[in-house]
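The residues making up each chain are set out below.
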Amino acid sequence: MIHPPDEPTQLGAGGDNAIAWAIGVFADEWTLLILRYAITDGVTRFQQWQDLLPISSAVLASRLRRGCEVGVLEQVAYEDKPLRQEYRLTRRGMSLWPMMASICGWEGAWAHGQAEPVPVMVHQGCGRAFEPLMACATCGEIVEPREVTGHFGPSGSWPRSAPNTTMRRRSSGSSALGPGFFPHTRVLVGNRWSAAMMGAAYLGAHRFSEFQRRLGAPATVIADRLRRFQAIDVLRAEGDGRADRSEYRLTDKGRAFFPVVMTAIEWGQRWFRAPEGPAVVFQHRGSEHPFSVLLRCSECRGALAGREIAVLPGAVVQPRRGAVPS
Ligand SMILES: [Zn+2]
Ligand SMILES: [Zn+2]
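Residues numbered from 1 in each chain as written. Chains lettered and ligands numbered in written order. Predicted model: local features only at pLDDT ≥ 70, side-chain atom pairs only at ≥ 80, totals over all residues. Heavy atoms only, no water.

- The name given to the protein in an unreviewed UniProt entry is Winged helix-turn-helix transcriptional regulator, and the organism recorded there is Actinokineospora soli.

Structure below.
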């Protein structure tokens with residue numbers, strides 16, 4: 001399939017929907033980090049990524065190739081003799097900035113204790129360090145995650161949204177990476193099953209059997225992800241401690257990740273269009289209008305644009321919230 005970088009990909013009827021495609025593009029630890037440096041630091045060259053990430057040439061090459069295939073990167077010659085190429089973000093790739101800003105904001109606010117370096121974002125509109133706040137693009141008001149309701153649209157269903165068999169390849173993981181590389185985000189969306197699990201949690205799955213039925217994932221995968229999500233205090237088990245009888249509820253930290261999920265889904269629906277219509281439809285609870293994300297600056301409350309965000313890389317900040325796991 002050809003993915004034109006500047007216009008949406010038209011998907012076939014009845015196949016993988018926008019959510020499955022979005023998960024297939026970014027739910028990979030290395031891809032998240034490669035795109036992070038492209039978006040926040042303007043990295044375009046093979047050697048720059050290699051200097052920043054403990055990644056092998058083969059893995060980096062495969063991820064860059066995949067980025068080009070799905071239309072988020074394009075290979076451009078910057079020198080003729082000898083021929084040298086770099087990888088630039090396309091419009092499709094650049095439009096991942098709301099997700100990346102939401103990830104930076106969430107890591108800064110909720111990553112635990114050890115004074116991990118998290119990129120500090122500065123809003124050039126007001127000149128201050130900020131975190132993005134999620135607002136409703138229709139009415140402009142800042143909203144809490146619980147004020148947004150979502151349900152499947154015409155191309156939405158669990159089988160069409162979950163990672164499919166061709167996506168089930170094992171990624172060569174970057175789990176040995178130290179702090180500073182979005183450690184908690186990688187647990188939540190750094191691979192395809194994790195990302196699908198988070199989506200299921202937001203759409204109301206609470207029990208082991210519900211996750212299993214909706215995702216069609218092996219029980220060992222579900223058990224592993226539930227354990228990891230609890231270890232970073234994103235889900236909390238309520239019940240007698242037996243996995244099959246417990247209910248898993250999102251914690252405050254887990255709910256605060258919602259803007260990342262929301263911006264990821266919106267990105268998927270913008271760039272991967274099923275002929276039947278959207279995969280998920282969101283509403284601003286209590287009003288009659290549809291919900292889509294507008295990010296606002298926490299300091300001046302102005303609407304954010306990607307080009308107005310400057311990133312101070314690797315600054316060490318104390319977590320603003322949730323420093324002590326409860
Ligand atoms: Zn609204
Ligand atoms: Zn501002």
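## Quick word on the overall build of the protein
Then step 1. When helices and strands are counted, the protein shows 13 helices and 13 strands.
Then step 2. When each of the 326 residues of the protein is scored for burial, the buried share is 52%.
Then step 3. Considering only contacts within the protein whose residues lie at least 6 apart along the sequence, 70% involve residues at least 24 apart.
Then step 4. Of the roughly 14700 Å² of accessible surface on the protein, 51% is carried by carbon and sulfur atoms. (Helix = DSSP H or I, 4+ residues; strand = E, 2+ residues; numbered from the N terminus. Buried < 20%, exposed > 50% of the residue type's maximum accessible area, 1.4 Å probe, protein only. Contact = heavy atoms within 4.5 Å. Areas by Shrake-Rupley, 256 points an atom, 1.4 Å probe, with all protein chains shown as cover.)

## A short note on the coordination of the zinc ion (ligand 1)
Then step 1. Taken together, Cys136 (SG), Cys139 (SG), His284 (ND1) and His289 (NE2) make up the full set of protein donors to the zinc ion (ligand 1), lying 2.0 to 2.3 Å away.
Then step 2. For the zinc ion (ligand 1), the four donor atoms in the first shell make angles of 105 to 115° at the metal, a pattern classed as tetrahedral.
Then step 3. Overall, the relative accessible area of 34% leaves cysteine 139 in the partly exposed class. (Donors = N, O, S within 2.8 Å, 3.2 Å for Na, K, Ca; no water. Tetrahedral: all angles 85-135°; square planar, octahedral: opposite > 155°, others 65-115°.)

## What about helix H6 (residues 97–110)?
Then step 1. Taking 1.5 Å per residue as the helical rise, H6 with its 14 residues ought to reach 20 Å, and the 20 Å between its terminal C-alpha atoms agrees with that figure.
Then step 2. Of all the 14 residues making up H6, 13 are buried; the element is thus mostly covered by neighbouring parts of the structure. (Expected span 1.5 Å × (residues − 1).)

## Points about the packing of aromatic side chains
Then step 1. What the rule picks out here adds up to six aromatic pairs.
Then step 2. Taken together, the ring pairs connect Trp21, Trp267 and Phe272 into an aromatic cluster.
Then step 3. When the ring centre of tyrosine 37 is taken as reference, the NZ or CZ atom of arginine 36 above it lies at 4.4 Å.
Then step 4. Between the NZ or CZ atom of arginine 36 and the centre of the ring of phenylalanine 182, over which it lies, the distance is 5.0 Å. (Phe/Tyr/Trp six-rings, centres within 6.5 Å; stacked < 30°, edge-to-face > 60°. Lys NZ or Arg CZ within 6 Å of the ring centre and 35° of its normal.)

## Brief notes about the packing of helix H2 (residues 29–41) against helix H4 (residues 57–69)
Then step 1. Two elements in contact, H2 and H4, have axes separated by 10 Å at closest approach and are oriented at 75°. The orientation of H2 relative to H4 falls into the category roughly perpendicular. Counted together, Trp30, Thr31 and Ile34 of H2 and Val59, Leu60, Arg63 and Leu64 of H4 form the full contact between these two elements.
Then step 2. Residues that form the contact of H2 with H4 fall into these classes: five nonpolar, one polar and one charged. (Axes fitted to C-alpha atoms, helices over the stretch in contact; angles between N-to-C directions. Parallel < 35°, antiparallel > 145°, perpendicular 65-115°, else oblique. Nonpolar A, V, L, I, M, F, W, Y, C, P; charged D, E, K, R; others polar.)

## A look at the coordination of the zinc ion (ligand 2)
Then step 1. Distances from the zinc ion (ligand 2) to its protein donors, namely His123 (ND1), Cys126 (SG), Cys297 (SG) and Cys300 (SG), fall within the range 2.0 to 2.4 Å.
Then step 2. Taken together, the four donor atoms coordinating the zinc ion (ligand 2) and their angles of 100 to 116° define a geometry best described as tetrahedral.
Then step 3. Every donor residue of the zinc ion (ligand 2) comes from the same chain, spaced as H-x2-C-x170-C-x2-C.

## Topic: the pairing of strand E11 (residues 280–284)
Regular strands place their side chains on alternate faces of the sheet.
Then step 1. Judged by which residues are buried, E11 turns out to be one-sided: Val280, Phe282 and His284 face inward and are buried, whereas Val281 and Gln283, on the alternate face, are not.
Then step 2. With five bridges connecting them, strand E7 (residues 148–152) and E11 associate as antiparallel partners. For phenylalanine 152, the partnering residue across the bridge sits in E11 and is valine 280. (Pairing = 2+ DSSP bridges.)

## Here we look at the pattern of salt bridges
When charged atoms on two side chains of opposite charge get close, those side chains can pair.
Then step 1. Tallied over the entire structure, the rule returns 14 salt bridges.
Then step 2. Notably, a salt bridge pairs glutamate 29 with arginine 186, separated by 3.2 Å at the nearest N-O pair. Taken as a pair, glutamate 29 in helix H2 and arginine 186 in helix H8 (residues 183–189) lie far apart in primary sequence, 157 residues in all. Of the two residues examined, glutamate 29 and arginine 186, each falls in the buried class.
Then step 3. The closest approach of N and O atoms between arginine 227 and aspartate 224, which form a salt bridge, is 3.5 Å. On the criterion of helical spacing, the pair formed by arginine 227 and aspartate 224 is a turn pair, its members being three residues apart in helix H11 (residues 219–231).
Then step 4. On the basis of relative accessibility, which here comes to 54%, the residue arginine 227 falls in the exposed class.
Then step 5. Taking the relative accessible area as the measure of exposure, aspartate 224 reaches 17% and is therefore buried.
Then step 6. Among the charged side chains, a salt-bridge network with shared partners connects Asp224, Arg225, Arg227 and Arg228. (Salt bridge = Lys/Arg side-chain N within 4 Å of Asp/Glu carboxyl O.)

## Brief notes about the sheet that holds strand E5 (residues 128–129)
Then step 1. With respect to topology, three strands assemble into an open sheet ordered E5-E4-E13, the strand pairing being antiparallel. Of all strands in the sheet, those with a lone pairing partner are E5 and strand E13 (309–312), marking the two edges.
Then step 2. By the bridge criterion, four bridges tie strand E4 (residues 120–123) to E13 in an arrangement that is antiparallel. In the strand pairing of E13, valine 120 is matched with leucine 312.

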